[in-house]
Every structure is written in structure tokens, then in C-alpha cells.
There are 2 protein chains.
Amino acid sequence: MTEQKLITPRKLSGFMELMPNKQIIFDNMVSKIKEVYAKHAFMPLDTPVLELSEILLAKSGGEIDKEVYRFNKGDTDICMRYDLTVPLARFVAMNSEVLSFPFKRYQVGKVYRGERAQKGRFREFVQCDADIIGQDTLPISADAECLIMVGQIFEALNLPALNRISNRNILFGYCEALGYGEKTKPILTILDKIGKIGEENARAELALLEVSDEDIDKLLKLTSLKGSFPYVLSAIENLTDNPLFVKGVTELKAVYAIMKAYGVDEDKICLDISIIRGQDYYTGTIFEAILPAHPEFGTVCGGGRYDNLAGYYTQKKLPGVGLSIGLTRLFDLLSQNGMLEDVPVTNITLQIIPLGDTLLNCVALQSFFQKEIVCDVNNEERSFKAKMKDAGKKQIPYVLIVGENEVASQTYALKNMATGEQFNLSKEDCLKKILEK
Amino acid sequence: MTEQKLITPRKLSGFMELMPNKQIIFDNMVSKIKEVYAKHAFMPLDTPVLELSEILLAKSGGEIDKEVYRFNKGDTDICMRYDLTVPLARFVAMNSEVLSFPFKRYQVGKVYRGERAQKGRFREFVQCDADIIGQDTLPISADAECLIMVGQIFEALNLPALNRISNRNILFGYCEALGYGEKTKPILTILDKIGKIGEENARAELALLEVSDEDIDKLLKLTSLKGSFPYVLSAIENLTDNPLFVKGVTELKAVYAIMKAYGVDEDKICLDISIIRGQDYYTGTIFEAILPAHPEFGTVCGGGRYDNLAGYYTQKKLPGVGLSIGLTRLFDLLSQNGMLEDVPVTNITLQIIPLGDTLLNCVALQSFFQKEIVCDVNNEERSFKAKMKDAGKKQIPYVLIVGENEVASQTYALKNMATGEQFNLSKEDCLKKILEK
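In what follows, the accompanying structure is described. Keep in mind it's a predicted model, so treat the numbers as computed, not measured.

## What to know about the relation of the copies chain A and chain B
In screw terms, the move from chain A to chain B is a rotation of 180 degrees and a rise of 0.0 Å along the axis, fitting with an RMSD of 0.0 Å. These values place the two chain copies in the arrangement generated by a two-fold rotation axis. When C-alpha distances to the rotation axis are compared across chain A, the minimum falls at Phe 71 of chain A, with a value of 3.0 Å.

What follows is the structure in C-alpha cells.
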């Protein structure tokens, strides 16, 4: 390896790689999310990152193809998964005979999109998904359970969030009632981008679809409704007796009643008819959570009800409802905005520093302390002073100094690095002192 | 989606995909391993699954190239990582100015090898690695810490393991002392495969390297030594005064002393001179753990000391020592041999079953119980009898039956599904009863 030409170490752009102290925070967030899912009896699933292209791209239009990492290995046409939903569909379809329904699974895993790298967009990112899949039917209480979990997750993450909820049948039914049943999708596409293009442009585009001015007014009035469930429900309840619309209202009432029974904080939810969600496959409840203090973050969690999870793979009807959190993007936003919880420099609680020939005693002490706390022995060939300085720089809360006198007396010098206090104590009392905190 | 041709759902061969109840056990194993690493002050790292091919293949011979998943995206030549060590080297070389050394990191992540699928070989598998990287120097206590962790991990996993330890300098020095310094590597290659090819063939191959019969005897005698550290150390101590050999003995004595001071169970370690480990890069301590009750499992954990982690990327000298557990393979072996801990069918502790119009009351109860336990409401459109049967089939320990009378009296029928006992209790007493277990 002498005189070898060095290769400049670098990583692919668009890939997040955290320093370990930030990774600890990321991992803590993952744990909290998993804990909420598990409490609601969701079970973990870990599908492969690679799938057969034939399977993974069954449902995609041209759009996703450009983004997907796809390659051949031997004769096999392979893709890296670009979400966790298609692999779930494949898994449930493959195993529908042995799974018991409703099937509640969560998956926290990396997904891949080879799109053009840009700020805030990642090519590899962690998604935290939970879905409930029924066979033939799935009660509306499943939708409510997902909505309840959204609230609990952001509470666990200590991030005040607002979950904006709607139901696709409201606008589907209303378009139908106005006589635009066949134009529902293009109309919703326009309404969905009203925030971007502005009301005037939206009006113009709707007019091009031959929606009358009067009906445009009605649609814009309906989609402008947002607020508490009782308020919005009473405003729309008698708008039309279109069966789809009525179904939407009934489902919204049901999820609201269940959320209330569970004790969901009413300040953390709202009924917002402007929520549309682009994806075609949602068919009932839809929701998007935001952080009201940071509207510029956009949607930090979204999801909804779909009629049929795995229609490409099985004739079984598998309705489902789920939610998804793009944690890599959220973490990046929190980090950029100084909103992460305190970033520890290390995870060490106690640093033991040997003085003189006391390494083996230090190791015995380490064994004792590690039963309770994170403890490290600094056995580097460096001066005592340098080691103390290093412990300070790393913000390690406690240092234990172990010289030959300490070993002889079995009392050790415990230094609280934050206050500068120093105690001479037995190992048991050192541990007590540390755990007092 | 009507009348559409179905695609048979299937996954790529060579990829493990567990049923969720087994995934819970897998995840528990991961947690236990991470806990040991974290207790020793290792910090988590999560490098991307994809790396630039130029970086990832810098050190590979031809062998790994065939196995690696490699593809182009636009102009970029990309590989999926085939281990966690090369990404670590890249990370440390990139960030050496900001990291503090010794740098202790663990990483649990999937790695990819597109080799021919065969029983027990996986193309995607989880590795659980921990490494300590020094700058310029790294004390031998780092090696001991890795050895200590191996023992703690298998204790945490409740798998009796034996860690077979050696030091490369022993055989390096001995070959040199016998006058075969330049043939050390081919000699070690032959000695390493003695278990596969048998002693006669090994002798013949060594003879082809022009090793004398007398020296072959000496080499085979040395590599046959295994047993307690004191026993083997006393047997080899005065074999030669070759400096490398003496260094090996000194290092083995040091790691043994530290392990003893820590309190490592002597029955779980041995000094075994036959341990060689194929990889070129090990330069000192080497080890391979096995499960003595299942020698056919082979090595379940291995690792060792290397002189220079990132010589391809930086001129800094970064010595390290680490260990690696191939968890996917180990889990598969445990599963095949019925050695997994009890596989729960679900993670549900309490299943609430509504009778009549009590869904909202059940949801309120679920909210109460979920503060402590995993609790699910079965709101399916099925008969009470079917739901009870389902709870039994899933081995859910407790069922709470909530009819209108129960709601009125605020006492609920709690059934212990294992014993068949049924209690009529307030929700608080139900919870107490369940937590008694």
C-alpha cells in the first residue's frame, strides 16, 4: 500500500449521512414512532430493498420509472423499492392465505428515488409506514386508529402538529352532484394546486373544463372550508344528498366520534376540505399533518384509505388505510432549523481515566458500572491533562480518576464535569451519585 | 383495474423475508446487540446503502466484483455496499478532522452480495458491526473490549457461545522464525483450510511450497494447540524469540488479563492457534465465535485487529479492531433448528371485543389500556364467537368483553384465555390483573 494513489473519499450526493451524535437522535425518533405503532398492535415487517422490476413497476405510470434505480443482474431485472406500499401489496398478496386479517403492519425502512438531487430532496430516505389491511371489508375504526396514531407520534416526538383531515368522497360526490362526474379527476387536480397557482388561474383552468362560473364559486367555497369537525360538518351536511357525498360525511362523523372517544386533543385535528392528496388510489379518509409553527415544512405525515391494496397481484379485495412519515426529510428540516433535541456529543455517562498502572482495575470498575450506565475507559497513550480536556470537550458528565492510591483505598475520585465538584467515594457510592441525576 | 391480467406476486430468491411474528424476534435480537454496543460507548452510524463504485471497489480484488450489485444511473457508476467496513473507512477518512479518536461506532445494516443463491446464503443480509478506530495508535485494550462484547452479546441472546481467539503475529512470527518469512501467506492459506482438505492434503501442499517435513510437523503441532489461555500460552511461550511471535504472545497475555479483570467467563473463551481468518487485512488479534452445541453453524461472529482502516483514501494511519455478526444467517440457522425463543403469533396483550353498540366505549377503554399495554379493538363485522375463536388462535392472553351492561356498570368481563378464568372488574382492576403476570 506504499506510494499508492489515494482516492478522494466522498459519498453520493443526495444521500443523508449523519454524524453519530445526530444519528442517536434520529434513532430515538424511530424508536418513538415504532413504539406508537406497536402499542396499537401493529407488527413489524421488513421486506427486501430489491424487488423484481415486473412486480415493483406493475402499477407505475411513466413518472416513477425515471426515478427508480433499476438494473440487471444476470437475467434478472431488478429495482430498488421507491416506497414501502408496493412491497406491502406484494407481501400481502403472496401470503394472504396465512395472514390473519385485519393485518396491521408497520415498516421503517429506506426507500430510493434517483431523482435530481436538490436541497431537501433525498435519493435515499427512511419512511415510517403503518397500514391496516382488511379482507373484503375494513371498518372505519381502522381509519380512526391511524388518525389517533398520527397525534400520538407527534406528541411523542414533542412536535406540535395539526392533522388536517378530509374524505375524498366529499369532493367526488359534490362534483357528481354538480353534474361533472366524469371530470372529477381533472377538477380535483386543479383544486389540489390552488395553493401554488392561485385562485385566478384555478378559475381559468376550471373554466377551460367547462365548469360554469356558478359551480366554480360553489367548488371554491366548499374547498375553502376548514375548522373543527362540528363546525365544518354542520356547514356541509345538507349541501347535497348525493350518495358519495353522504358517505363521506358519514365516515367523517364516525372517525371524529372515535377520535373523541379515544381522547384525541381537538386542537390537534381539523376538518379541511381543501385536502385532496394527489395519489389516485385514495378512496375515503385522507389526511396531511403539518407543523403549524412551520407551515413551510409542508406535509410531515400523510395517508388515507384505499379500496384495494393489491389489485395487480391478486383477485382478493384488500381494502386498507395507512400513514407514512418521511423521516429523513423531517429530520433534515428540524436539523436545519435548530429544532432537534439537545445533541449529545457522545453517549458516555462515565469516563474512567487510569493514572499509572491501573488499567486492569479500571476495567474491573468498567464492568461494574456498565451494568447500569454507559462507561468507557480512556486507555490512550496521552497525558492525564489531555484526557481530562477531552472529556470536557465531549461534554461527558462524569469522570472517574483511578490512580494507585485510589485502588489501594478502594475509593475513587469522581468528578462532576458540569459543576467541577469532586467526590472521593466507593464504587457503589459513585454509581449512586451518578444515578441521582 | 377490471379484467386486468394479474402478475404473480413473488420476491427475489436469496432474500429473507420474515413473517411479522418472527420479525419481532429478529428485531429483539438487534436491540440486544445494539444495547451491548451502546453500553460500551459505541455510537450509531448509518451510511448509505449506495456508494460510488470507485470508492467501494478501491480495495477489492476481482472476487468481490462478480458478487457486487453495480449499475449506472446517469453518468454515475454506483454499487450497493457488500459490507459495512469499506463505508466505515470512507466515512472516517472523509471526516477525520472532526471525529475524535478513538472513534467507536456500531452499525446494524443490510449489505448486498449478488452471488449465486444457495441454502443458507443470502443476497441481502443484516450485519451488526462494531469497530474502534484509533489515530496513529490504538491500545490493546480496544481488542479486549471487542472480545468482552462478543461474550456479552451471546449471553444477551441466550446462546452459549465459545469465542476462539488467536493473534496473527503468532503464526506470522513462527513462519519467519522457521525461515519461511516470504511464504507466510501461502502457508497460512493452506493451514486455514486444513479442516476442509484434511491433514494429508495439507502436508502435501506444504511440501510443494518446499516446507521441510520437520517444519510441517512443527507448524501442525502449533496450529493444533487450543485450550485455556494459561495452558496454551505456557505451551508456546518459549517456542521462539522471533519479535513478531513475542509480540503476539504479549498481546494475547494483555487481552487475557483485561478480559479476566472485566470478569469474562473463562469457559466462554479459548486460545486457539488454528484460527487464521482469511482476510488479508487482519494484523493482530483475531477471533471467531462458534456455538459449541452446533459446530455445524460455523462461525457466528468474527473479527480482529487491522493496521490501517482507510489506506486507500487517506494518508492518516487509522488502526482499528472490530467485530461483525451476520445476523440474517444466524437467525436463519436458529429458525431452521427450532432454536428461536417462543414465537408469539401477535404482540397483542389485550383484545377488546365490542358487543352491541359499544364501539366508542371500547375505544375509550383502548385509550386507557394503551398507556400500559398493547391493546386492540376487534371491530370487524363478524360474530362474537368468531372473534373469540380468533383471539384464541392468535394466542392473545386476555380478552375484554364489552357489552351494553358492562358499559352501564363500568365493570367489564376480562377473560384469561390460557386458563379460561373470567373476572368482572373495573378497568383499573383489569389492568392490575393483566400486569400481575
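## Considering the interface of chain A and chain B
Taken together, the contact between chain A and chain B spans 75 residues of the former and 75 residues of the latter. Per-element accounting of the side of chain A that touches chain B gives the leading share, seven residues, to helix α1 (residues 20-39) of chain A. In terms of residue class, the side of chain A that touches chain B is made up of 40 nonpolar, 17 polar and 18 charged.

## What to know about unusual backbone geometry
Residue and element names in this part refer to chain A. Following Phe 101, the chain continues into Pro 102 via a peptide bond in cis, with omega recorded as 0 degrees. The residue Gln 410 is not glycine, and still its phi comes out positive at about 55 degrees. By secondary structure assignment, the location of Gln 410 is in the loop between α15 (404-409) and β16 (412-416). Classification of Gln 410 as exposed rests on a count of 10 C-beta atoms within 10 Å.

## Structural notes on the sheet that holds strand β7 (residues 162-167) of chain B
All names here are of chain B. Pairing is mixed across the open sheet formed by nine strands, whose spatial order is β1-β5-β6-β12-β11-β10-β7-β9-β8. Taken across any chain shown, the strands that pair with only one partner, and hence form the sheet edges, are β1 (43-44) and β8 (226-227). Contacts between helix α6 (residues 168-177) and the sheet are confined to β7 and β10 (282-290), with β10 contributing the most and set at about 125 degrees to the helix.

## A few points about the pairing of strand β17 (residues 422-425) of chain B
Residues and elements named next belong to chain B. Bridge count for strand β16 (residues 412-416) against β17 is four bridges, and the pairing is antiparallel. Considered in β17, the bridge of Ala 413 is made with Asn 424. Between β16 and β17, which pair antiparallel in sequence order, lie five residues; one of them, Gly 420, sits at a positive phi of approximately 85 degrees.

Analysis parameters
- Residues numbered from 1 in each chain as written.
- Chains lettered and ligands numbered in written order.
- Predicted model: local features only at pLDDT ≥ 70, side-chain atom pairs only at ≥ 80, totals over all residues.
- Least-squares fit on C-alpha atoms with pLDDT ≥ 70 in both.
- Contact = placed C-beta atoms within 7 Å.
- Helix = DSSP H or I, 4+ residues; strand = E, 2+ residues; numbered from the N terminus.
- Nonpolar A, V, L, I, M, F, W, Y, C, P; charged D, E, K, R; others polar.
- Buried ≥ 20, exposed ≤ 12 C-beta atoms within 10 Å, placed from the backbone.
- Pairing = 2+ DSSP bridges.
- Axes fitted to C-alpha atoms, helices over the stretch in contact; angles between N-to-C directions.

Read these as spatial facts, not as claims about activity.
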